Amino acid sequence: MIFAEWKPIDELVEKLKAHKKVLLVGCATCVAECAAGGEKEVETLAPLLSMALKKQGCSVEIITATLEKQCEFEFVEELIEKGHDVDAVMSLACGIGVQAMADLFDPIPVYPGVNTSALTIREEAGLWAGRCAACGDCVLGETFGLCPIARCAKSLLNGPCGGTRGNGKCEVSEDTDCIWNLIVERGDERGQLDSLAEVKKSKNWSNSRHGGPKRVIREDLR
Ligand code: SF4
Ligand code: SF4
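Summarised in this report is the structure supplied together with it. This structure is a prediction, so every number in the text was calculated from the model and none was measured. (Residues numbered from 1 in each chain as written. Chains lettered and ligands numbered in written order. Predicted model: local features only at pLDDT ≥ 70, side-chain atom pairs only at ≥ 80, totals over all residues.)

1. As for the site of ligand 1
Here's step 1: In the vicinity of ligand 1, the contacting residues are C132, A133, A134, C135, C138, V139, L140, C147, I149 and A150.
Here's step 2: Broken down by class, the residue content of the shell around ligand 1 amounts to 10 nonpolar, no polar and no charged. (Near = placed C-beta within 6 Å. Nonpolar A, V, L, I, M, F, W, Y, C, P; charged D, E, K, R; others polar.)

2. Examining the pairing of strand β2 (residues 21-27)
Here's step 1: Among the 7 residues of β2, 6 are classified as buried, and the element is accordingly described as predominantly covered.
Here's step 2: Sheet analysis places β2 next to strand β3 (residues 61-67), joined by 7 bridges and oriented parallel. By the bridge assignment, V25 is partnered in β3 with A65. (Buried ≥ 20, exposed ≤ 12 C-beta atoms within 10 Å, placed from the backbone. Helix = DSSP H or I, 4+ residues; strand = E, 2+ residues; numbered from the N terminus. Pairing = 2+ DSSP bridges.)

3. Quick notes on unusual backbone geometry
Here's step 1: D106 connects to P107 through a cis peptide bond whose omega is 10°.
Here's step 2: Along the chain, the position of P107 falls in the loop between α6 (95-105) and β5 (110-112).
Here's step 3: A cis geometry characterises the amide bond from G159 onward to P160, with omega recorded as 0°.
Here's step 4: Relative to the assigned elements, P160 resides in the loop between α7 (148-151) and α8 (179-189).
Here's step 5: Positioned with a positive phi, A134 is a non-glycine residue whose angle comes to about 50°.

4. What about the site of ligand 2?
Here's step 1: As a matter of local geometry, ligand 2 sits amid 15 residues, with C152, G159, C161, C170 and C178 nearest to it.
Here's step 2: Its residues placed into classes, the shell around ligand 2 shows 10 nonpolar, 3 polar and 2 charged.

5. Details of the sheet that holds β2
Here's step 1: An order of β3-β2-β4-β5 is seen for the 4 strands of this open sheet, with the pairing classed as parallel. Where the open sheet ends on each side, the last strands, each with one partner, are β3 and β5. Shown here is a sheet whose adjacent strand axes are inclined to one another by a mean of 25°, direction ignored.
Here's step 2: As judged from the 4 bridges shared by β2 and strand β4 (residues 88-91), these two strands associate in the parallel manner. From the neighbouring strand, L24 faces β4, where its bridge partner is M90.
Here's step 3: This element, helix α3 (residues 39-55), spans β2 and β3 of the sheet and lies at about 170° to β3.
Here's step 4: Taken strand by strand, α6 contacts β2, β4 and β5, and its axis lies near 170° from that of β5. (Axes fitted to C-alpha atoms, helices over the stretch in contact; angles between N-to-C directions. Contact = placed C-beta atoms within 7 Å.)

6. What about the environment of K55?
Here's step 1: Positionally, K55 belongs in helix α3.
Here's step 2: The class of K55 is exposed, set by 9 C-beta atoms lying within 10 Å.
Here's step 3: The sequence separation of K55 and E41 amounts to 14 residues, and the corresponding C-alpha distance is 21 Å.

What follows is the structure, given as structure tokens:
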């Protein structure tokens with residue numbers, strides 16, 4: 001799931017205070033799951049923003065909506081009528097949703113209300129951990145299902161590095177598992193340590209961001 005969290009209210013107020021009517025839009029998928037941008041958060045944030053704006057002497061009308069998805073144009077188009085007279089939009093969706101809104105509402109400014117931070121799994125209530133960096137060339141088949149790109153501080157394909165601690169933690173923090181320690185342990189449990197002895201060559205990074213903007217084409221779906 002894509003994880004995001006609210007930007008500081010002061011930062012949001014700064015963006016909105018020059019406007020007259022703002023559409024605050026949530027998304028009912030990932031950002032709702034992580035309690036940052038679903039309907040509940042939209043309806044909670046709207047009065048908070050109104051109060052903070054009033055305190056600064058700004059009269060800004062805030063209307064709200066929550067879409068099933070903000071990352072698909074067919075859903076975003078539902079908002080054209082509702083937002084026909086706004087002079088700004090604030091989106092609580094991930095960065096993909098914000099950009100879809102920005103395309104639709106151009107030239108009206110669309111501001112992100114959240115910071116999008118990672119592709120995560122919820123490990124327990126209130127704790128999300130990054131599991132994937134969308135690198136475009138998945139190596140999980142060689143690392144027993146544990147991602148060294150997103151979960152190693154150095155994205156090492158051959159580990160662990162010299163910084164791993166004796167207790168299985170990463171050198172960056174006592175609270176962070178060295179993922180390569182976990183990969184080795186899982187390989188050992190499966191009796192497949194030999195597969196890790198072979199030095200892995202550089203992976204294909206051209207599919208990641210390093211190859212320029214990503215564009216994925218599936219001819220069979222066009
Ligand atoms: S190897 Fe790449 S695609 Fe696979 S889980 Fe890790 S970051 Fe994601
Ligand atoms: S200690 Fe482990 S997780 Fe941390 S950077 Fe080194 S190999 Fe990566």
